[in-house]
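Structure assessment
Read off the chains here:
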Amino acid sequence: MAPPPASTHSSVTLDINGDKHTLTVDHRTTLLDALRERLDLTGTKKGCDQGQCGACTVLLDGRRVVACLQLAVAAEGRAITTVEGLAEGDQLHPVQQAFLDLDGYQCGYCTPGQICSAVAVIEEHAAGWPSAVTDDVRPEAVPPPLTDDEIRERMSGNLCRCAAYVSIVQAVSRAAAVRTETREHSASRERSATTEHAATTERPAATAAKRAVA
Ligand code: FES
Ligand code: FES
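Reading the values: rules and limits
- Residues numbered from 1 in each chain as written.
- Chains lettered and ligands numbered in written order.
- Predicted model: local features only at pLDDT ≥ 70, side-chain atom pairs only at ≥ 80, totals over all residues.
- Helix = DSSP H or I, 4+ residues; strand = E, 2+ residues; numbered from the N terminus.
- Rg over C-alpha atoms; globule rule 2.2 N^0.38 Å.
- Buried ≥ 20, exposed ≤ 12 C-beta atoms within 10 Å, placed from the backbone.
- Contact = placed C-beta atoms within 7 Å.
- Pairing = 2+ DSSP bridges.
- Axes fitted to C-alpha atoms, helices over the stretch in contact; angles between N-to-C directions.
- Parallel < 35°, antiparallel > 145°, perpendicular 65-115°, else oblique.
- Left-handed = near helix turned anticlockwise from the far one by under 90°.
- Nonpolar A, V, L, I, M, F, W, Y, C, P; charged D, E, K, R; others polar.
- Domains from an automatic or database assignment.

A count of helices and strands for the protein chain gives 5 helices and 5 strands. Starting at the N terminus and ending at the C terminus, the protein chain contains elements arranged as β-β-α-β-β-β-α-α-α-α. Expected size for 214 residues packed as a compact globule is a radius of gyration near 17 Å; at 23 Å, the protein chain overshoots this value by more than 25%. Each principal axis of the C-alpha distribution contributes one length, and for the protein chain these read about 95 × 45 × 40 Å. Among the 214 residues that make up the protein chain, the fraction classed as buried is 31%. Considering only intrachain contacts with a sequence separation of at least 6, the fraction spanning at least 24 residues in the protein chain is 58%.

Have a look at this one:
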């Protein structure tokens, strides 16, 4: 069979989980098919293949997208994060750990998409983005707490045929709390380090001033 005309294919370099992958793809290839069929990154699942179920959710520059509706050629130059890229070595991402601890899955087919979506949900909420159930959406309003209703609404694009929803909501809530604790802990450590640094740099100056007076 004659090879396809060159104009229907392009070489793209995809930045996936920090690694660059160069491949030639038909322009109609979705990011989902490029990940699964060409790069063997099968953590991202294909459910409906038409943007309805969320099983194929990945992060593009930190924002969630359904990879079945994203062309691979349009993802060039973006930072793509799949479920395979969330852990740091043996250390699971807090969302993965919470799903594991709280049984946020049954068959697990929707889980990679749920987890990627939850990672983005927690950041969207922390950045003050309102959802459809947020009461006060004025820019000056205090961001709402991440209640179960907020989580349900924000995760509503991710379907679970096993209906593990109760545990999924608990897992997202737990991971959000862990994120807040971690940030507060880091901020407090930074404050202590700054205070310590100020104290150690002030002491010699004060001593020198005392000597000058004497
Ligand atoms: S497979 Fe992409 S949304 Fe269902
Ligand atoms: S855990 Fe089976 S589809 Fe969600």
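An order of E2-E1-E5-E3-E4 is seen for the 5 strands of this open sheet, with the pairing classed as mixed. For this open sheet the edge positions go to strand E2 (19-26) and strand E4 (63-66), each flanked by a neighbour on one side alone. Each strand of the sheet is rotated relative to its neighbour by a mean of 40 degrees, with strand direction disregarded. Pairing analysis gives 2 bridges linking strand E3 (residues 57-60) to strand E5 (residues 79-81), with the strands arranged antiparallel. Note that in E5 the partner of Leu 59 across the bridge is Thr 81. Where helix H3 (residues 111-126) meets the sheet, its contacts fall on E3 and E4, and the angle it forms with E3 comes to roughly 35 degrees.

Moving on to the packing of helix H2 (residues 94-101) against H3. At a minimum axis separation of 9 Å, H2 and H3 run at an interaxial angle of 130 degrees. What the angle tells us is that H2 and H3 run oblique. H2 and H3 meet at a crossing whose hand is right-handed. Taken together, the residues of H3 that come into contact with H2 (itself represented by Val 95, Gln 96 and Phe 99) are Thr 111, Ile 115, Ala 118 and Val 119. Of the residues belonging to the contact of H2 with H3, the class tally is 5 nonpolar, 2 polar and no charged.

Per the domain assignment, the segments making up the protein chain are domain 1 (1-85) and domain 2 (87-214). Just the C-alpha atoms count here: the centres of domain 1 and domain 2 sit 28 Å apart. Between domain 1 and domain 2, the contact holds 14 residues from the first and 13 residues from the second. Put simply, the parts of the chain that give the side of domain 1 that touches domain 2 at least two residues each are E3 and E4. It is E3 that contributes the most residues to the side of domain 1 that touches domain 2, 3 residues altogether. Its residues assigned to classes, the side of domain 1 that touches domain 2 comprises 6 nonpolar, 5 polar and 3 charged.

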